[in-house]
Amino acid sequence: MSGLVRLTVNGCAVEMPDGSSVAAAVATVTPHFRRSVRGESRAPLCGMGVCFECRLRIDGVAHQRACMIPARNGMQVQTDD
Amino acid sequence: MTEHYDVLVVGAGPAGLATAQAAAGHGARVGVIDAQPRPGGQVWRHDVRQASPHAARHAFAALARVEWLARHSVVGAETQVLRVEHPDGVRLLGYGALVLATGARELMLPFPGWTLPGVSGAGGLQALAKQGWPVAGKRVLVSGTGPLLLAAAATLRAHGAHLLGIHEQAPTAAVHAFARQMLHWPARAVQAISLRTRLAGVAYRCGSFVRRANGDDRLQSVDIEGPDGAQQVECDLLATGYGLVPNVELAQLLGCALAAHDTHPHVQVDALSRTSVAGIHAAGELCGIGGLAAARIEGAIAGHMAAGDLTAASALLPARARARRFAGLLSTHFALDPRLRTLATPQTTICRCEDVTLGELGGYTDARDAKLATRCGMGACQGRICGSALAELGRFPRSGPRPPLFPARLATLAEASPPLSD
Ligand SMILES: Cc1cc2nc3c(=O)[nH]c(=O)nc-3n(C[C@H](O)[C@H](O)[C@H](O)COP(=O)(O)OP(=O)(O)OC[C@H]3O[C@@H](n4cnc5c(N)ncnc54)[C@H](O)[C@@H]3O)c2cc1C
Ligand code: FES
């Protein structure tokens, strides 16, 4: 199969197979993706870009859908706390 | 500046890919748009572990002859032009003919605990696993309804999940009646047998559903209701889905008529894929849930029609009729148990974007009133999850979309529209 990509999630180094999504990379570190309006912990529901439960910050840009974005070398991903 | 295509296709699932192939075969300039980074739609989604099936690879090859616009989301529509957002900006794409192949999403029904991390869609967890989501060694329970549960379970097992069981809400008699019908569809029967073989040893329980998910800040166990009573099962992940809902929002924005006799409307088309708006065609799941075979045939019909070849399109009509007949079986045999519509309590969150509970929706009978008063459906998903769920619960039908179809950057919306031609 193809190679690996290296990125960080909440500061932790993660290695994923090429073609993985950011959502998958995050799941190797934490079950928590975002806080809801009332402060509950949330994580991906639909896996296909519809529910917006996987939103987080990638390279400083907030509200990115982690299930729609391929993991890339050097990405810095931050879940919302 | 507006780029122009003879045929513009929205969606690169099996339907959109078949459209592209057929239209490009007539020499048309074809553009294919998809919000996803790779082609394939749902069933042919790229899997980090497994090679794509032969039919998918063949379909992807068609993209070499068209302009393939990955990670492009259609957020709005003006006269003969789509407003499309991509990672580096915005594009305005004009078209002679437009083919909508936007597919379907999963139907999620709210129940206590469904917002806990660890609970996801059945096709949802399948999609995540294909993206590299770690399921190996995890205890996974699959629940909901329909053949998609088997497909999802097979993917999860191939990725190393420890499957605790598949809980199908339809009663045994209905599932058996469906299985008997499969004898008339040998190709489907072979598929079903191969799935069951890949799931050998995994319990398949009919008339059984998840009533509640338990855990503090992540899933720890589920309460299951079945023919033999209630039980609690500890698990790491719950993959649960109650069928599919056509993605009609873009078609609706473009003014295409919907067939609304079912709980979840689909785009109204004739057998030759024409919507109520001249020059706009639709193919695949958004025209009513029909599965892979129907999507491919309808896509090809739409591609021929968009390129102006009525003869080639008409030749596919018998195949289309047969594929659509199979689809009819699904809705009859996997009808939802009414108890599933009563699982949510007044404290259960319905709108996950705005944290609105069922109790807070109490007195409203109209989606717009509820929206204004509670913000239900006004969040980022724009009611795609809660609106469909509320329609299924019989509360109120989902209200129509407003642009942008997905939350978009201000710059995307500000880009000047082209002047109207003639
Ligand atoms: C989560 C999920 C998993 C499934 N798994 C299976 C399976 O394993 N086996 C099976 O036989 N069937 C499966 N199905 C059923 C599936 O609907 C059909 O098999 C088939 O994929 C339908 O083809 P389609 O081309 O009509 O739509 P889809 O395959 O859904 O393709 C539609 C495409 O349109 C794109 N799109 C939609 N709106 C926009 C927009 N505004 N802008 C840009 N792009 C857009 C989407 O990103 C998507 O790629 C699954 C369905 C879902 C929802
Ligand atoms: S998981 Fe639903 S949008 Fe990403």
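The structure presented is a predicted model; accordingly, all values stated were derived computationally and were not measured.

### Let's talk about the overall build of chain A
Point 1. Helix and strand content of chain A: one helix and seven strands.
Point 2. Considering only C-alpha atoms, chain A reaches an extent of 40 × 25 × 20 Å along its principal axes.
Point 3. Relative to all contacts within chain A whose residues are 6 or more apart in sequence, the contacts with residues 24 or more apart total 36%.
Point 4. Just so you have it, chain A exposes about 3400 Å², and 48% of that area is on carbon and sulfur atoms.
Point 5. For chain A, the separation between the mean place of its 9 positive charges and that of its 7 negative charges on side chains is 6 Å.

### Brief notes about the interface of chain B and chain A
Point 1. Opposite the 41 residues of chain B that make contact, chain A presents 37 residues.
Point 2. Summed over both partners, the interface of chain B with chain A buries about 3100 Å², with 59% contributed by carbon and sulfur atoms.
Point 3. Looking at the side of chain B facing chain A, the largest losses of area belong to Gln131, Arg352 and Asp355 of chain B, adding up to 19% of the total buried there.
Point 4. On the surface where chain B and chain A come into contact, there are three salt bridges.
Point 5. The closest approach of N and O atoms between glutamate 360 of chain B and arginine 38 of chain A, which form a salt bridge, is 2.8 Å.
Point 6. Our enumeration of links across chain B and chain A arrives at eleven residue pairs in polar contact (both at pLDDT 80 or more).
Point 7. Residue assignment for the side of chain B that touches chain A shows that the elements contributing at least two residues are β7 (104–106), β8 (119–120) and α3 (122–130) of chain B.
Point 8. Tallying contributions element by element places α3 of chain B first for the side of chain B that touches chain A, with three residues.
Point 9. Taken together, the residues of the side of chain B that touches chain A break down into 18 nonpolar, eleven polar and twelve charged.

### Quick look at the sheet that holds strand β12 (residues 209–214) of chain B
Residues and elements named next belong to chain B.
Point 1. Strand order in this open sheet of three strands is β12-β13-β14, and the pairing throughout is antiparallel. The sheet is open, and its two edges are formed by β12 and β14 (229–234), each paired on a single side. Put simply, the sheet's adjacent strands are angled 25° from each other on average, direction ignored.
Point 2. When β12 meets strand β13 (residues 221–226), the two strands line up antiparallel, connected through five bridges. Paired with arginine 212 across the bridge in β13 is aspartate 223.

### Looking at the side chain of serine 21 of chain A
Point 1. Note on placement: serine 21 of chain A falls in the loop between β2 (12–17) and α1 (22–27).
Point 2. Overall, serine 21 of chain A belongs to the buried group, its relative accessible area being 4%.
Point 3. Of note is the side chain of serine 21 of chain A, whose polar atom sits 3.1 Å from the backbone nitrogen of alanine 24 of chain A.
Point 4. Sequence-distant contacts of serine 21 of chain A, defined by excluding residues within four places in its chain, comprise Ala66, Cys67, Ile69, Pro70 and Ala71 of chain A together with Gln131 of chain B.

### Considerations on the sheet that holds β2 of chain A
Residue and element names in this part refer to chain A.
Point 1. On the basis of which strands lie adjacent, the open sheet formed by five strands has the order β2-β1-β7-β5-β6 and mixed pairing. Each edge of the sheet is formed by a strand with only one pairing partner; in this case those strands are β2 and β6 (61–65). Averaged over all adjacent pairs, the angle separating strand axes in this sheet is 40°, with direction ignored.
Point 2. Relative to β6, strand β5 (residues 55–58) is paired through three bridges, and the arrangement is antiparallel. Looking at β6, one finds that arginine 55 is bridged to arginine 65.

### As for the side chain of arginine 105 of chain B
Point 1. Mapped onto the elements, arginine 105 of chain B comes out in strand β7.
Point 2. For arginine 105 of chain B, a relative accessible area of 2% puts it in the buried group.
Point 3. Among the polar contacts listed, one links the side chain of arginine 105 of chain B to the backbone oxygen of arginine 384 of chain B, at a separation of 3.2 Å.
Point 4. Contact partners of arginine 105 of chain B, with chain neighbours within four places excluded, come to Met48 and Val50 of chain A together with Gly243, Leu244, Val245, Pro246, Asn247, Glu249, Arg384, Ser388 and Arg398 of chain B.

### Overview of the packing of aromatic side chains
Residues and elements named next belong to chain B.
Point 1. Summed over all chains, the structure comprises four aromatic pairs over all chains.
Point 2. Seen in terms of ring centroids, tryptophan 185 and phenylalanine 326 are 5.3 Å apart; in terms of plane orientation they differ by 70°. Their pairing is edge-to-face. With tryptophan 185 in the loop between α5 (172–181) and α6 (186–198) and phenylalanine 326 in helix α10 (residues 317–333), the pair connects residues that are 141 residues apart, well separated along the chain.
Point 3. We classify tryptophan 185 as buried; its relative accessible area is 11%.
Point 4. The rings of Phe178, Trp185, Phe326 and Phe334 are connected pair by pair, giving a single aromatic cluster.
Point 5. Between the NZ or CZ atom of arginine 188 and the centre of the ring of phenylalanine 326, over which it lies, the distance is 3.8 Å.
Point 6. The aromatic ring of phenylalanine 406 is capped on one face by arginine 384, whose charged end is 4.2 Å from the ring centroid.

### Considerations on the domain arrangement of chain B
All names here are of chain B.
Point 1. Domain parsing of chain B yields domain 1 (2–105 + 245–330), domain 2 (110–241) and domain 3 (342–392).
Point 2. With centres defined by C-alpha atoms, the gap from domain 1 to domain 3 works out at 30 Å.
Point 3. The interface is formed by five residues belonging to domain 1 together with four residues belonging to domain 3.
Point 4. Of all residues in domain 1, Arg105, Thr263 and His264 bury the most surface against domain 3, accounting for 79% of the area lost on that side.
Point 5. Taken together, the connections running from domain 1 to domain 3 amount to zero salt bridges.
Point 6. Counting across the domain 1 and domain 3 interface gives three residue pairs in polar contact (both at pLDDT 80 or more).
Point 7. Taken together, the residues of the side of domain 1 that touches domain 3 sort by class into one nonpolar, two polar and two charged.

Rules of the game
Residues numbered from 1 in each chain as written. Chains lettered and ligands numbered in written order. Predicted model: local features only at pLDDT ≥ 70, side-chain atom pairs only at ≥ 80, totals over all residues. Heavy atoms only, no water. Helix = DSSP H or I, 4+ residues; strand = E, 2+ residues; numbered from the N terminus. Contact = heavy atoms within 4.5 Å. Areas by Shrake-Rupley, 256 points an atom, 1.4 Å probe, with all protein chains shown as cover. Lys, Arg positive; Asp, Glu negative; His and termini not counted. Charge placed at Lys NZ, Arg CZ, Asp CG, Glu CD. Buried area = accessible area lost by both parts, 1.4 Å probe. Salt bridge = Lys/Arg side-chain N within 4 Å of Asp/Glu carboxyl O. Polar contact = N/O pair within 3.5 Å; in protein donor to acceptor, adjacent residues only side chain to side chain. Nonpolar A, V, L, I, M, F, W, Y, C, P; charged D, E, K, R; others polar. Pairing = 2+ DSSP bridges. Axes fitted to C-alpha atoms, helices over the stretch in contact; angles between N-to-C directions. Buried < 20%, exposed > 50% of the residue type's maximum accessible area, 1.4 Å probe, protein only. Phe/Tyr/Trp six-rings, centres within 6.5 Å; stacked < 30°, edge-to-face > 60°. Lys NZ or Arg CZ within 6 Å of the ring centre and 35° of its normal. Domains from an automatic or database assignment.

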